[in-house]
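Chain residues, written in single-letter form:
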Amino acid sequence: MTDWAPVLVGVVLFVLLSPGLLFQIPGNSRPVEFGSLKTNGRAVFVHTLLFFAVYAVLLLAAHLHIYTD
């Protein structure tokens, strides 16, 4: 049995937390920008921390598993 949760959660979070796609913290001209499609180094760092935190909570603390056979 293969556990697909790490792969699926990683892909979904990567798309949703890509800086500038849906939102960006911190923005270029505001603290939070929505749909700007522009990014900066600080936003990449913040979104990396958000990705790691949500990923760790979902996989380690919530014990999320998706098995296929």
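Provided above is the structure to which this section pertains.
The rules we used
Residue numbering note: each chain is counted from 1, following its sequence as written. Owing to the predicted nature of the model, reporting of local features is limited to residues with pLDDT of at least 70; listing and counting of side-chain atom pairs is limited to 80 or more, with chain, interface and lining totals taken over all residues. Here the side-chain values reflect all heavy atoms present in the structure, with hydrogen atoms and water set aside. Working definition: helices are DSSP H or I runs of at least four residues, strands are E runs of at least two. Numbering for both runs from the N terminus. The buried label applies to any residue whose accessible area, calculated with a 1.4 Å probe on protein chains only, is under 20% of its type's maximum; exposed applies above 50%, and partly exposed to all values in between. Each pair of aromatic rings taken from Phe, Tyr and Trp, with Trp reduced to its six-membered ring, is defined by centres within 6.5 Å and is described as stacked if the planes are under 30 degrees apart, edge-to-face if over 60, and tilted in the remaining cases. In this text, buried Ala, Val, Leu, Ile, Met, Phe, Trp, Tyr and Cys residues form a nonpolar core when linked through side-chain atoms within 4.5 Å. Contacts are residue-level and defined by heavy atoms, with any inter-residue pair within 4.5 Å sufficient. The span expected for a helix works out to 1.5 Å for each residue beyond the first. Side-chain atoms alone can form a polar contact between residues adjacent in sequence; in general such a contact is a pair of N or O atoms within 3.5 Å, and within protein one must be able to donate a hydrogen while the other accepts it.

A look at unusual backbone geometry
Piece 1. Omega for the bond connecting isoleucine 25 with proline 26 falls within 30 degrees of zero, at -15 degrees, which places this linkage in the cis form.
Piece 2. Assignment of secondary structure puts proline 26 in the loop between strand S2 (23-24) and strand S3 (33-34).
Piece 3. The backbone phi angle of leucine 37 is positive, close to 60 degrees, even though this residue is not glycine.
Piece 4. Checked against the element boundaries, leucine 37 lands in the loop between S3 and helix H2 (41-61).
Piece 5. Assessed through its relative accessible area of 66%, leucine 37 is described here as exposed.

Thoughts on the packing of aromatic side chains
Piece 1. One pass over the structure, following the stated rule, counts 1 aromatic pair.
Piece 2. Considering the side-chain rings of phenylalanine 51 and tyrosine 55, the 5.6 Å spacing of their centres and the 10 degrees angle between planes classify their relative orientation as stacked. Pair noted here: phenylalanine 51 and tyrosine 55 are both in helix H2, with a separation of 4 residues, about one helical turn.
Piece 3. For phenylalanine 51, a relative accessible area of 26% puts it in the partly exposed group.

A short note on the nonpolar core
Soluble, globular proteins show a tendency: their nonpolar side chains are buried together.
Piece 1. Core analysis: the biggest nonpolar cluster contains 5 residues, these being Ala5, Val9, Leu13, Leu17 and Leu59.
Piece 2. Considering every element that reaches this core, the biggest residue donor is helix H1 (residues 5-16), with 3 residues.
Piece 3. Contact partners of leucine 13, with chain neighbours within four places excluded, come to Ser18, Phe51, Val54 and Tyr55.

Let's talk about H2
Piece 1. In this model H2 runs 29 Å from its N-terminal to its C-terminal C-alpha over 21 residues, within 8% of the 30 Å that 1.5 Å per residue would give.
Piece 2. Every buried residue belonging to H2 is among Ala43, His47, Ala56 and Leu59, and all of these are buried.
Piece 3. Looking at the packing, one finds that the buried side of H2 touches H1 and S2.
Piece 4. Near the N-terminus of H2, the side chain that reaches the backbone nitrogen of arginine 42, with its oxygen 3.3 Å away, is that of asparagine 40.
Piece 5. Immediately downstream of H2, the backbone of histidine 63 shows phi near 50 degrees, a positive value.

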